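Residues per chain, in single letters:
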Amino acid sequence: MTIALYPGTFDPIHNGHIDIATRAAGLFEHVIVGLYDRPAKRLLFSADERAQMARLALAHLPNVTVQLYSSLTVDFAGQIGASVVVRGLRAISDFEFEFQLALTNKKLAPGVETVGLMSSLEYLFLSSTILKEVALLNGPVSDLVPPHVEAALQQKAAT
Ligand code: ADP
């Protein structure tokens, strides 16, 4: 059984992430969405909030589960028995960083393969950063996130 790890910050999960998780779920027996607990970037949502939103957004996918982690991604992959790391690739901007990350991970853990899935056209320019910027200024995001994430963003915008 091939277990794939789809790691990220997911602050919050959006339709671009859900699209990648859904497609990965069709390729691998089990997909674990790994929420990195302590990234260098400033976050809007707590780890528990991010995990809860991701779980609800992916609840319809029986072979996808969500777990928090705070170690090196390849260490977490080893811990959960994942031999594949899935990453989503948007336009040109992601490529250099993702290449660097994949090569670093290969050096750290030669047995773990990185698989990049190209973003679907409608989510090519969607990032959590852009999403938060629009939502916190009360812009419309209903086409970009599930309703429960939209509600959580609206709540943050109101505080
Ligand atoms: P973001 O870049 O949206 O803040 P993350 O850092 O949580 O998101 O990214 C987790 C993974 O999801 C990364 O592999 C990232 O490239 C991928 N990803 C993010 N947004 C999209 C998108 N719109 N389409 C495809 N993949 C995406």
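Numbering of residues begins from 1 in every chain and follows the order in which that chain's sequence is written. Only residues with pLDDT of at least 70 are given local features in this predicted model, and only at 80 or more are side-chain atom pairs given and counted; all residues enter the totals for whole chains, interfaces and linings. By convention in this description, side-chain values take in all heavy atoms of the structure and omit both hydrogens and water.

A.B. asks: Give a detailed account of the layout of surface pockets, specifying residues and quantitative values.
C.D. replies: Every definition here rests on a 1 Å grid over the protein atoms only: cavities are sets of points where a 1.4 Å probe fits but cannot get out, pockets are open sets enclosed by protein on both sides within 12 Å along at least five of seven lines, and lining residues have some atom within 4 Å of a point. Grid points are joined across faces, edges and corners, and a volume is the space filled by probe spheres set on the points. Estimates place the volume of the largest pocket at around 1000 Å³. By definition, any uninterrupted DSSP run of H or I lasting at least four residues is a helix, any uninterrupted run of E lasting at least two residues is a strand, and each is numbered from the N terminus. Among the secondary structure elements, those contributing two or more residues to the lining of the largest pocket are β1 (3–8), α1 (15–27), β4 (84–89), α4 (93–108) and α5 (128–136). With eight residues, α4 is the single largest residue contributor to the lining of the largest pocket. Only Asp, Glu, Lys and Arg are considered charged, only Ala, Val, Leu, Ile, Met, Phe, Trp, Tyr, Cys and Pro nonpolar, and every remaining residue, Gly among them, polar. Classifying every residue of the lining of the largest pocket by side-chain character gives 20 nonpolar, 16 polar and nine charged. Approximately 170 Å³ is the volume attributed to the second largest pocket. Contributing to the lining of the second largest pocket are Phe-45, Glu-49, Gln-52, Met-53, Leu-56, His-148, Ala-152, Gln-155, Lys-156 and Thr-159. If you list the elements that add at least two residues to the lining of the second largest pocket, you get α2 (47–57) and α6 (147–158).

A.B. asks: Describe the site of the ligand, naming the residues involved and giving the relevant values.
C.D. replies: When at least one non-hydrogen atom of a residue lies within 4 Å of a molecule or strand, that residue is treated as near it. With respect to spatial proximity, 20 residues lie near the ligand, and among them Tyr-6, Phe-10, Gly-88, Tyr-123 and Ser-128 are the closest. Two N or O atoms form a polar contact when they lie within 3.5 Å of each other; inside protein one atom must be a possible hydrogen donor and the other a possible acceptor, and for residues adjacent in sequence the pair counts only when both atoms belong to side chains. At 2.7 Å from an oxygen atom of the ligand is found a side-chain nitrogen or oxygen belonging to Tyr-6. Contacts to the ligand include Ser-128, whose backbone N or O atom sits 2.8 Å from an oxygen atom. Exposure was quantified through the Shrake-Rupley algorithm and a 1.4 Å probe, taking into account, for residues, occlusion by the shown protein chains and nothing else. The protein chains hide 94% of the 540 Å² of surface that the ligand would expose on its own. Any molecule with more than half of its atoms within 2 Å of a cavity's or pocket's grid points is regarded as sitting in that cavity or pocket. Applying the majority rule of atoms within 2 Å of the grid points places the ligand in the largest pocket. Residue composition of the shell around the ligand, grouped by class: six nonpolar, nine polar and five charged.

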